[in-house]
Amino acid sequence: MQTVTTIEALRAQVSAWRRQNLRIALVPTMGNLHAGHLKLVSTARQQADKVVVSIFVNPTQFGPNEDFERYPRTEAADQQQLATCHTDLLFLPTVETLYPRPSQTRISLPGLAALHCGQSRPGHFDGVALVVCKLLNMVQPDSLLMGEKDFQQLALIRQMVADLNIPVEVHGVATVREADGLAMSSRNGYLTTEQRQLAPRLYQALQTARDQIQNGQSSDQSIIAEQIATLTAAGFAVDYFSLSRSQDLLPATDTDTELVLLAAARLGNTRLIDNISFGR
Ligand code: PAF
């Protein structure tokens, strides 16, 4: 595996592959890699001849009181993991490389970005859209692989790619879970032992709500209210727990058939998100 830190070196390698007509996949990450990231890499490997992984803790997607400073940076361990799972190129830029000057360009998707996570993380999705757009321009991959755990982020990037006619196929990859159901996330490492034991209840609540909604047990809103109450009693501060339409993440109506339950909740200072897609 080759590691590059400059845009010039990245472009030189990618151009050489392109001259050989090789298909290139990009897996953007913020590092502190876990099995969920490695699944993205292995899926990318099935679709492309060369796999580029970026590790960049992107400051523009963190709010002023968020965890940018303490976000886990584990580059040496990440490099070892990537080398063993057939990554071809690791792009490891500094903040100065990606943002040599404050960016005056904004990429805003005001509809999607205002929903769900956007309500408690203003500006977050503008930062995500900007950095993913920059990475796509730098690598110009044939395919982009992102996790379904960040369902809203994936929807936003799909929309940006469509709106801006960016020539890349976007692939969502299923969430990888711990044995007890907790969605893998770099932020799980912030949890205390006690919080870690409670954390799988978020996914359990989503599963229970999904089952009850599919059975038509009672109204969608009362099913959701019950799960919010259960999570709150267990010690979660629920940010949102919403039934949405898969295609645009707007509130689902009785006639919608492709659905997603999206949830975010805090345990102490740690914000967990998860989702579950289903039909009815
Ligand atoms: O999901 C992430 O890790 C980040 O939001 C991403 C897509 C790498 C952009 O910084």
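Placed above this text is the structure.
First things first, this report covers the structure right here in the doc.

Thresholds, definitions, all that
- Sequence order as written defines residue numbering, which begins from 1 separately in each chain.
- Per-residue local features are limited, in this predicted model, to residues with pLDDT of at least 70; the limit for side-chain atom pairs, both in listing and counting, is 80 or more; totals at the level of whole chains, interfaces and linings are taken over all residues.
- Side-chain numbers come from the whole structure's heavy atoms, not from hydrogens or water.
- The criterion for a residue being near a molecule or strand is simple. One of its heavy atoms has to lie within 4 Å of it.
- Distance and chemistry together define a polar contact, namely a pair of N or O atoms within 3.5 Å, with one atom able to donate a hydrogen and the other to accept it when in protein, and with adjacent residues in sequence counting only for side-chain atoms on both sides.
- Only the protein chains shown count as cover for residues, and all accessible areas are computed by the Shrake-Rupley method using a 1.4 Å probe.
- Axis lines are fitted to C-alpha atoms, over the contacting stretch for helices. Their N-to-C directions set the angle, which ranges from 0 to 180 degrees.
- Going along the chain from the N terminus, every DSSP run of H or I of four or more residues is numbered as a helix, and every run of E of two or more is numbered as a strand.
- Oblique is the label for every angle not falling under 35 degrees (roughly parallel), over 145 degrees (roughly antiparallel), or within 65 to 115 degrees (roughly perpendicular).
- Here a residue-residue contact requires only that any non-hydrogen atoms of the pair lie within 4.5 Å.
- In this classification, Asp, Glu, Lys and Arg are treated as charged, Ala, Val, Leu, Ile, Met, Phe, Trp, Tyr, Cys and Pro as nonpolar, and every other residue, Gly included, as polar.
- The rule for a salt bridge is simple: a side-chain nitrogen of Lys or Arg has to be within 4 Å of a carboxyl oxygen of Asp or Glu.
- By nonpolar core we mean a set of buried residues, namely Ala, Val, Leu, Ile, Met, Phe, Trp, Tyr and Cys, connected to one another through side-chain atoms within 4.5 Å.
- Note on exposure labels: buried denotes an accessible area under 20% of the residue type's maximum, exposed denotes more than 50%, and partly exposed covers the range between, all computed with a 1.4 Å probe on protein chains only.
- Aromatic contacts are taken between Phe, Tyr and Trp rings whose centres are within 6.5 Å, Trp giving its six-membered ring; a plane angle under 30 degrees counts as stacked, one over 60 as edge-to-face, and the others as tilted.

So, the site of the ligand
Piece 1. In the vicinity of the ligand, the contacting residues are Pro 28, Thr 29, Met 30, Asn 58, Gln 61, Val 131, Met 146 and Gln 153.
Piece 2. At 2.6 Å, a side-chain N or O of Gln 61 approaches an oxygen atom of the ligand.
Piece 3. One nitrogen or oxygen atom from the side chain of Gln 153 is found 2.7 Å from an oxygen atom belonging to the ligand.
Piece 4. Protein coverage of the free-state accessible area of the ligand, which is 290 Å², stands at 87%.

Examining the packing of helix α1 (residues 7–19) against helix α7 (residues 124–139)
Helix packing for two helices is described by the angle between their axes and how far apart those axes are.
Piece 1. As a packed pair, α1 and α7 sit with axes 8 Å apart at the nearest point and diverge in direction by 50°. Classified by the angle between their axes, α1 and α7 sit oblique to one another. In this structure, α1 uses Ile 7, Leu 10, Arg 11, Val 14 and Arg 18 to contact α7, whose residues at the interface are Asn 137, Met 138 and Val 139.
Piece 2. Of the residues contributing to the contact of α1 with α7, the split by class is five nonpolar, one polar and two charged.

Regarding unusual backbone geometry
Piece 1. Although it is not a glycine, Asn 32 sits at a positive phi angle of roughly 50°.
Piece 2. Tracing the backbone through its elements, the reader meets Asn 32 in the loop between β2 (24–29) and α2 (35–47).
Piece 3. Of note in the backbone geometry, Gln 140 takes a positive phi value of approximately 50° without being a glycine.
Piece 4. Its place among the elements puts Gln 140 in the loop between α7 and β5 (143–147).

What to know about the pattern of salt bridges
Should their charged atoms come close, side chains of opposite charge can pair.
Piece 1. Considering all chains together, one arrives at 12 salt bridges under this definition.
Piece 2. Between Arg 45 and Asp 88 there is a salt bridge, with its nearest N and O atoms 2.7 Å apart. Pair noted here: Arg 45 is in helix α2 and Asp 88 is in the loop between α3 (75–84) and β4 (89–91), with a separation of 43 residues, a long-range link.
Piece 3. The structure contains a network of salt bridges with shared partners spanning Arg 45, Lys 50 and Asp 88.

Regarding the nonpolar core
Piece 1. Formed by 49 residues in total, the largest nonpolar core has its most connected members in Leu 10, Leu 136, Leu 144, Ile 157 and Met 160.
Piece 2. Elements that contribute at least two residues to this core include exactly α1, β2, β4, α5 (110–113), α7, β5, α8 (151–163) and β8 (258–267).
Piece 3. Considering every element that reaches this core, the biggest residue donor is α7, with 11 residues.
Piece 4. Leu 198, Ala 205, Leu 206 and Ala 209 belong to the second largest nonpolar core, which has 26 residues in total.

Some remarks on the packing of aromatic side chains
Piece 1. Under the counting rule described, the total for this entry stands at three aromatic pairs.
Piece 2. Between Phe 62 and Phe 68, the aromatic rings sit 5.4 Å apart at their centres with planes inclined by 65°, giving edge-to-face as the arrangement.
Piece 3. Relative accessible area serves as the criterion here: at 10%, Phe 62 is assigned to the buried category.
Piece 4. Phe 68 sits in the buried class, given a relative accessible area of 19%.
Piece 5. Between Phe 62 and Tyr 71 the ring centres are 5.9 Å apart and the planes differ by 75°, which places this aromatic pair in the edge-to-face class.
Piece 6. Under the relative-accessibility criterion, Tyr 71 is labelled buried at 7%.
Piece 7. Ring-pair connections join several aromatic residues into one group, and the members of that group are Phe 62, Phe 68 and Tyr 71.

Purely spatial values, then, with no claim about function.
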